[in-house]
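The chain contents come next:
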Amino acid sequence: MSSPLYVDGGDVECSRQEVSEIRQTTTKPSFLRKWGPALVAIAGVLAVNALLLGPTGSKIPSLNSRQLSAQNVREERTQAVLDMEWDHEADLKRGLSNMRNSRNLSESDGGVMEYTRRRHRYLGEYVHVDVSDQFSLFGKLSISLIYFAFWVFLMFPNWFLPIGRPGIALGGGLCMVVFRYILLLTGQGPAFDAAKVIILEPLFLLFGLMLTTIYLEKMERGGLFDKLRDSLDDPVNWKRSAKIMAMSTIGSAAVMNDSVVLIFSGVVVDLCVRHKVANSLPYLLSLATTANTGSALTMTGNPQNILIVSLAYDDISWTEFLSNMVLPVTAASIINAVMLFCYYSGELFPGSSGLLECFGIVFSGNRTPEMLAQEHAYHARNVTSQDDVVDSSGWTVWSKIQIVIVAIFLVCFAVGLDVCVTSICAGAVLMVLAAWKRQHYDPKPKLVEYDAEGNALPPKKMYDMDGNEIEPEEEELVTESETTLTEVDYGLLMLFIGQFILIGSFDDTGVPQAFFSAAMGGCAEQMTSVPCVYWFVLVITILSNVASNVPVVQMLAATFPYATPYDWMQVSFSATIAGNLTMLGSAANMIVAFQAAKVGDRTFTSERHAPFGIPSTILSLYAGTFLLSMVHFSPECSVKLGECDE
């Protein structure tokens, strides 16, 4: 039996009409098959929390003596900080570098109390400053309505007008700026500094990564980028998906999830095109979901983890962070992979009769007739295209240069140098090398015209008004600004700018904070203690998908400035894994969708992501939370507040 995407197991590609007919004849899953797991997962998580806390929260335990003592210490420290006089000139004399790096100042310079004030002065662009009391009720409701309206538009960008997510986000940001100015004039709200809520570091990082990716791909055919893509290739569908997941998990832990998805989104789409895959969604989900999950492993895996380490009251080391996250991230990765194989068994295991056969294929290496046909077609294409493919068995000097630059790039990431500067410098170095290679090394294009019979025509001569021959001018060089730099996805940068403005204005209203306080109830002072921790991660998951995970971290840093290292571990894990719940839950999801749509693949949409994302996220989140609450190495008390001494 042959695969429906091939003719007699050969390498004849189906026409677009044939592929369309195949998709139309494919039986669409029923509502229960599509949304059943998500509904069961939602009902299950509500039932678990109702069982642990009671339907009305009646089972919430009272604070113990240690928690009451910690609460008193925190209140005293907060009041002492508020009463402390702030001498800005003295701060400048001490120097910004000392204020940023040292958390052990002398008592005369403010001591440990200075840390909280320092966050708001020198990390002010990251820390939420409460201005909610300056809004009227109308101002809060109207801003919330605008935010949720554009949230829906971003989730389903094709419902009304084909503007696209970048246009929707930018339009929403401009609308928010104008409306906030109207509220200011009418006395319904405070002034809105839109430039302050735009976090520039992710924008610089994305630009640098896009620049680096473009030049890695275009510098040389058969070079490093092509070799990396070929390493993920496999004729067996589930193995190709597994390779993508392994690469995405490890890469995200090492160099940040946004970096990995930006580099490999095009690679995954290219692999799907190469194998004539009718549904690329399982492979794009393999990339996006594991990028989010893997990024939870290290403090440099995603922006919210970096922010947590910067804002945490107690110091958190890189090894401490990793040791706490190994078990929950491993469990979440396994659950996500198993659910992906089960949910998309038809695409990843073509011809299989059920889940038992799928697992048998994974562990025993069996093949169905459809899988064998795809393998035969894969090898047949490779044989027939050998003459057209550049020999990539060796490493040219340009590939070696790329490896050196990428190695230096990763080392700079690992030692803690500024990721934005590192990525932009890597892209700039590759740009200079590519321009020099194109000018001095690559063969010049021959601009020769031919007649109907294929004979070369002599170059045309031009004459002036007096009949004198005009000497041809030297051909003007084509610059990088006219070629490669135009391929940077500036629309993606506009998407994030618009989202920053929307989220920043919504955060000002205090609605997310009010929702958090109301939802937590009696668990607010013991949010990471069992059984409250399971309700806490659910609330964080909801907020992360409504207001994004980075603003949630900002909000918690301002609401609970003395949270313990273990508290921040739970926040980091839940806010990161929550990114897989919906399309807007993580920047990595948006990047994958945008990059795939740029090359014509629009299968990664909100309505197709959610049926898998909801059950996978909830199971991964609760399994990981259970393991983290049972096995963790970070203290459940604040060392600097002296809670641990008691």
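Here, every reference points to the structure presented above.
Glancing now at the packing of helix 23 (residues 511–520) against helix 24 (residues 532–547). One can describe the packing of helix 23 onto helix 24 by two numbers: an axis separation of 10 Å at closest approach and a directional angle of 160°. As the angle between them shows, helix 23 and helix 24 are arranged roughly antiparallel. Considering the relative orientation of helix 23 and helix 24, their crossing is right-handed. Residue-level inspection shows P512, F515, F516, A519 and M520 of helix 23 in contact with helix 24, the latter providing W535, F536, V539, I540, I542 and L543. Per-class residue counts for the contact of helix 23 with helix 24 are 11 nonpolar, no polar and no charged.

Further remarks concern the environment of V530. By the secondary structure assignment, V530 is in the loop between helix 23 and helix 24. When its relative accessible area of 54% is taken as the criterion, V530 is described as exposed. Between the C-alpha atom of V530 and that of P61, which follows or precedes it by 469 residues, the distance is 9.3 Å.

For the structure on display, the rule yields 6 salt bridges. Between E643 and R74 there is a salt bridge, with the nearest N and O atoms lying 3.1 Å from each other. Linking E643 in the segment after helix 28 (606–630) with R74 in helix 3 (residues 65–83), this pair joins segments that are 569 residues apart in sequence. Ionic pairing is found between R274 and D233, a salt bridge with its closest N-O pair at 2.9 Å.

The next subject is the state of the cysteines. For the structure shown, the criterion picks out 2 disulfides. One disulfide bridge connects C637 with C644, the sulfur atoms lying 2.0 Å from each other. Since a negative S-S torsion denotes a left-handed disulfide, the C637-C644 link at about 110° is right-handed. On the accessibility criterion, C644 (33% relative accessible area) is partly exposed. The connectivity of the disulfide-linked cysteines in the protein, indexed sequentially, is 1-2, 3-4. A disulfide-free cysteine, C358 has its sulfur positioned 7.6 Å from the sulfur of C342, the nearest such atom. For the unlinked cysteine C412, the closest cysteine sulfur is that of C425, found at 8.6 Å. Here C412 falls in the buried class, since its relative accessible area comes to 19%.

L287, F516, L556, W568 and F604 are the most contacted members of the largest nonpolar core, which has 144 residues in total. Once residues lying within four places of it in the same chain are set aside, the contact partners of F516 are M527, F536, V539, I540, L543, M555, L556 and F560.

Thresholds, definitions, all that
- Residues numbered from 1 in each chain as written.
- Predicted model: local features only at pLDDT ≥ 70, side-chain atom pairs only at ≥ 80, totals over all residues.
- Heavy atoms only, no water.
- Axes fitted to C-alpha atoms, helices over the stretch in contact; angles between N-to-C directions.
- Helix = DSSP H or I, 4+ residues; strand = E, 2+ residues; numbered from the N terminus.
- Parallel < 35°, antiparallel > 145°, perpendicular 65-115°, else oblique.
- Left-handed = near helix turned anticlockwise from the far one by under 90°.
- Contact = heavy atoms within 4.5 Å.
- Nonpolar A, V, L, I, M, F, W, Y, C, P; charged D, E, K, R; others polar.
- Buried < 20%, exposed > 50% of the residue type's maximum accessible area, 1.4 Å probe, protein only.
- Salt bridge = Lys/Arg side-chain N within 4 Å of Asp/Glu carboxyl O.
- Disulfide = S-S within 2.5 Å.
- Core = buried A, V, L, I, M, F, W, Y, C linked by side-chain atoms within 4.5 Å.

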